[in-house]
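# Observations on the three-dimensional arrangement
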Amino acid sequence: MINIYEVLETNNMIEKENLDVRTITLGISLLDCIDSDLAKVNENIYNKIKTVAKDLVATGKEIEKEFGIPIVNKRISITPIALIGGAACKKPEDFVTIAKTLDKVAKEVGVNFIGGYSALVSKGMTKADELLIRSIPQALAETDVVCSSVNLGSTKTGINMDAVRLMGDIIKETAEWTKDNDSAGCSKLVVFCNAPDDNPFMAGAFHGVTEADAIINVGVSGPGVVKTALEKVRGENFEVLCETIKKTAFKVTRVGQLVAQEASKRLGVPFGIVDLSLAPTPAIGDSVADILCEIGLEYAGAPGTTAALALLNDQVKKGGVMASSYVGGLSGAFIPVSEDQGMIDAVNAGALTLEKLEAMTCVCSVGLDMIAIPGDTKATTIAGIIADELAIGMINQKTTAVRVIPVIGKTVGENVEFGGLLGHAPIMPVNNFSCDAFVNRGGRIPAPIHSFKN
Amino acid sequence: MKKTIITVVGKDTVGIIAKVCTYLAESNINILDISQTIVNNYFNMMMIADFNNCTKSFSDVTDELDALGAEIGVVIKCQREEIFDKMHRI
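Analysis parameters
- Residues numbered from 1 in each chain as written.
- Chains lettered and ligands numbered in written order.
- Predicted model: local features only at pLDDT ≥ 70, side-chain atom pairs only at ≥ 80, totals over all residues.
- Helix = DSSP H or I, 4+ residues; strand = E, 2+ residues; numbered from the N terminus.
- Buried ≥ 20, exposed ≤ 12 C-beta atoms within 10 Å, placed from the backbone.
- Contact = placed C-beta atoms within 7 Å.
- Rg over C-alpha atoms; globule rule 2.2 N^0.38 Å.
- Domains from an automatic or database assignment.
- Nonpolar A, V, L, I, M, F, W, Y, C, P; charged D, E, K, R; others polar.
- Axes fitted to C-alpha atoms, helices over the stretch in contact; angles between N-to-C directions.
- Parallel < 35°, antiparallel > 145°, perpendicular 65-115°, else oblique.
- Left-handed = near helix turned anticlockwise from the far one by under 90°.
- Core = buried A, V, L, I, M, F, W, Y, C linked by C-beta atoms within 7 Å.
- Pairing = 2+ DSSP bridges.
- Arc of directions from axis to C-beta.
- pLDDT = per-residue confidence, 0-100.
- Expected span 1.5 Å × (residues − 1).

### Overview of the overall build of chain A
- Across its full length, chain A holds 15 helices and 13 strands.
- C-alpha atoms of chain A, sized along the principal axes, occupy 60 × 50 × 50 Å.
- Among the 454 residues that make up chain A, the fraction classed as buried is 60%.
- Taking all contacts inside chain A whose residues are at least 6 apart in sequence as the whole, residues at least 24 apart take part in 81%.

In structure tokens:
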């Protein structure tokens, strides 16, 4: 039988160490909403989401109350809209109407975000893919809760450099469209290599075409819990350190698994996966960077950071895998800058640079995330940053992503405030030596040799 | 049978257990086990309770216990047992 110390430990994690379930994400297939008439597509999408997701928020709150565990976000992911709107949309503005429908229905069912305003173009772009991509700046400027992602490469297909080059422009345009709001549109836009079909985290969530009609995916969190557990093993060797992380990750993930199963049962929607990612928030004590410091670094970014992060990421997975029947999504440690107070401190102290962050993304999910860069950064430079990051993903057979925010009108030394879970960030310097001739070549980078496993 | 864990945390004072138990009795909630300890000078009590014949909804009980806690000056939480079971038992 459960004893009082175990109960107190759990409640301490929740109350003092920010243990929470970061998100319950309901994946909804919109494949049956396809129509050649734009008005009809919009109507179908509205009706489908409204029907399937009507109880999501209420059920989430019910679970929160019964188990006493906060569920921070309730979200929806949908089939990439480039596939759904392709038959009906003849110009980018047509796609924007779908974005507005998504925004409207998401707000009506009460979710925090809806993800899947997406295109999968890892090898090539269809006309519809390109129209959707070109509609992104306007769509993100004119909606509030719609998130967009574009998969630009994979280990199997290589990197679509035409699309990478285009996304450099699109990110700049998105920044311009939302420049009165510190270019916040870019915080809802992410590009991927090896994007997973079942990611519950925003901005990159979409409901892959290989998924069932509807599915529940859950993302857990708990950097504060890991940090507190590590405080008790200061000075111990790596074996003790790793065991402690593993055990803590197990406990955190079990809560996610429980919530996922309950949500699935109550909503009558199959359980998909638990995403094991350690997701930070700007709240004090909810930071992945603080864990790195607890492992023994003065600041995130100091020599040893990549090794510490590699160790952390691997132990989180090892502990988490046993705690859940199905794991998936991104599953690793997130290292967003603006969403993690420890990362922000590290940047302000001069300990953490874009280049070090790039190295860190080699050993953890997901990538260069929530990084504010000067507004005058060239589109080709952004494309170059994307190409570098995607190459890491392609060669290492892992997911990588880029979510950078060129803040129009601001430059290095200034700060930008996004608010809420998105936090705030100092603008980081970018290497401005030209890569124009490289990214303007056109075509695609072939798949690496080790992708030919057949 | 679904069990519920009720925890009471706060500064020790006369009648905490009495008040909580009275409320539970009125709501027809059966107490299966009680344990208590003092951690960092704080009174910690845990009850394992059976809600099967409870006359109120779980959500109402949570809210009312919350209010009762505020009245006594302690924090009362009411959580389904599974969250602890899952976390601490393989």
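### Focus on the overall build of chain B
- Broken down by element type, chain B carries three helices and four strands.
- For chain B, the succession of helices and strands along the chain, N to C, is β-α-β-β-α-β-α.
- Computed over C-alpha atoms, the radius of gyration of chain B comes to 13 Å, within 12% of the 12 Å expected from 2.2 N^0.38 for 90 residues, which places it in the range of a compact globule.
- Along the longest, intermediate and shortest principal axes, the C-alpha atoms of chain B span 35 × 35 × 20 Å.
- A total of 90 residues make up chain B; the buried ones form 30% of that total.

### Comments concerning the domain arrangement of chain A
Residues and elements named next belong to chain A.
- For chain A, the domain assignment lists domain 1 (26–193) and domain 2 (218–443).
- Centre-to-centre separation of domain 1 and domain 2, based on C-alpha positions: 22 Å.
- Contacts between the two partners involve 37 residues from domain 1 and, on the opposite side, 41 residues from domain 2.
- Those elements giving two or more residues to the side of domain 1 that touches domain 2 turn out to be strand 1 (21–28), helix 3 (56–67), strand 4 (146–154), strand 5 (158–160), helix 7 (161–177) and strand 6 (189–193).
- A per-element tally of the side of domain 1 that touches domain 2 places helix 7 first, with eleven residues.
- In the side of domain 1 that touches domain 2, the residues fall into 19 nonpolar, ten polar and eight charged.

### Digging into the interface of chain B and chain A
- Residue-level contacts link 21 residues of chain B with 17 residues of chain A.
- Looking at the side of chain B that touches chain A, the elements that each hand over two or more residues are strand 1 (3–10), strand 2 (30–39), strand 3 (42–50), helix 2 (58–72), strand 4 (74–80) and helix 3 (82–88) of chain B.
- No other element matches helix 3 of chain B, which puts seven residues into the side of chain B that touches chain A.
- Per-class residue counts for the side of chain B that touches chain A are seven nonpolar, eight polar and six charged.

### Description of the packing of helix 2 (residues 38–52) of chain A against helix 5 (residues 92–109) of chain A
Residue and element names in this part refer to chain A.
- Interhelical geometry of helix 2 versus helix 5 gives an angle of 20 degrees and a closest axis separation of 10 Å. Here helix 5 runs roughly parallel to helix 2, going by the angle between their axes. In this structure, helix 2 meets helix 5 at a crossing whose hand is right-handed. For the pair helix 2 and helix 5, contact is made by Leu38, Val41, Asn42, Ile45, Tyr46, Ile49 and Lys50 and by Asp94, Thr97, Ile98, Thr101, Leu102, Val105, Glu108 and Val109, respectively.

### Topic: the nonpolar core
All names here are of chain A.
- Among the nonpolar cores identified, the biggest contains 174 residues, and Leu152, Val164, Met167, Val259 and Ile386 are the most heavily contacted of them.
- Formed jointly, this core draws a minimum of three residues from each of two domains, domain 1 (26–193) and domain 2 (218–443).
- In contact with Ile386, other than residues within four places in its own chain, are Leu152, Val164, Met167, Gly168, Val191 and Val402.

### Description of the pairing of strand 1 of chain B
Residue and element names in this part refer to chain B.
- By the bridge criterion, eight bridges tie strand 1 to strand 3 in an arrangement that is antiparallel. Each bridged residue has a counterpart across the sheet, and for Val9 the counterpart in strand 3 is Asn44.
- Bridge count between strand 1 and strand 4: seven bridges; the pairing is antiparallel. Looking at the pairing, Thr4 lines up with Arg80 of strand 4.

### Here we look at the sheet that holds strand 2 of chain B
Residues and elements named next belong to chain B.
- Taken in spatial order, the four strands make up an open sheet running 2-3-1-4, and their pairing is antiparallel. Strands with a single pairing partner mark the edges of an open sheet, and in this sheet they are strand 2 and strand 4. Across the sheet, the mean angle from the axis of one strand to that of its neighbour is 15 degrees, orientation sign disregarded.
- Lying on the sheet, helix 1 (residues 16–26) is in contact with strand 1, strand 2, strand 3 and strand 4; it crosses strand 3 at an angle near 20 degrees.

### What to know about the packing of helix 1 of chain B against helix 2 of chain B
Residues and elements named next belong to chain B.
- Contact pair helix 1 / helix 2: the axes reach a minimum separation of 11 Å and the direction vectors enclose 155 degrees. Taken together, helix 1 and helix 2 sit at an angle that is classed as roughly antiparallel. Relative to helix 2, helix 1 is oriented so that their crossing is right-handed. Counted together, Ile16, Lys19, Val20 and Tyr23 of helix 1 and Leu65, Leu68 and Ile72 of helix 2 form the full contact between these two elements.
- Class assignment for the residues of the contact of helix 1 with helix 2 results in six nonpolar, no polar and one charged.

### Some remarks on the environment of A:Ser287
All names here are of chain A.
- As for its placement among the helices and strands, Ser287 is situated in the loop between strand 8 (271–275) and helix 10 (288–295).
- In sequence terms Ser287 and Ile427 are 140 residues apart; their C-alpha atoms lie 19 Å from each other.
- Discounting chain neighbours no more than four positions away, the residues touching Ser287 are Pro223, Pro280, Asp340, Gln341 and Gly342.

### Quick word on helix 13 (residues 354–361) of chain A
Residue and element names in this part refer to chain A.
- Here helix 13 has its buried residues at Leu357, Met360 and Thr361. Along the long axis of helix 13, the arc covered by the buried residues comes to 100 degrees, so they all point the same way.
- Looking at the packing, one finds that the buried side of helix 13 touches helix 11 (305–323), strand 9 (367–374), helix 14 (379–396) and strand 10 (400–407).

### A word on the pairing of strand 2 of chain B
Residue and element names in this part refer to chain B.
- Alignment of strand 2 against strand 3, held across nine bridges, turns out to be antiparallel. The residue bridging Val39 from the neighbouring strand is Tyr42, located in strand 3.
- What sits between the antiparallel neighbours strand 2 and strand 3 is a turn of two residues, in which Asn40 has the positive phi angle 50 degrees.

### Brief notes about the confidence of the model for chain A
- Mean pLDDT for chain A: 94, with 100% of residues reaching 70 or above.
- Per-residue pLDDT, averaged within each element of chain A, yields its smallest value for helix 1 (residues 4–16) of chain A (91) and its largest for strand 5 of chain A (98).

### With respect to unusual backbone geometry
All names here are of chain A.
- In this chain, Met202 is followed by Ala203 through a cis amide linkage whose omega measures 5 degrees.
- Structurally, Ala203 can be placed in the loop between strand 6 and strand 7 (214–220).
- One non-glycine residue, Asn194, adopts positive backbone phi at about 55 degrees.
- Of note, Asn194 is situated in the loop between strand 6 and strand 7.

### Describing helix 14 of chain A
Residues and elements named next belong to chain A.
- Given a rise of 1.5 Å per residue, 18 residues ought to cover 26 Å, and the 26 Å separating the end C-alpha atoms of helix 14 matches this to within 8%.
- Taken as a whole, helix 14 has its buried residues at Thr381, Ile382, Ala383, Gly384, Ile385, Ile386, Ala387, Glu389, Leu390, Gly393 and Met394.
- Phi for Gln397, located one or two positions after helix 14, is positive at around 55 degrees.

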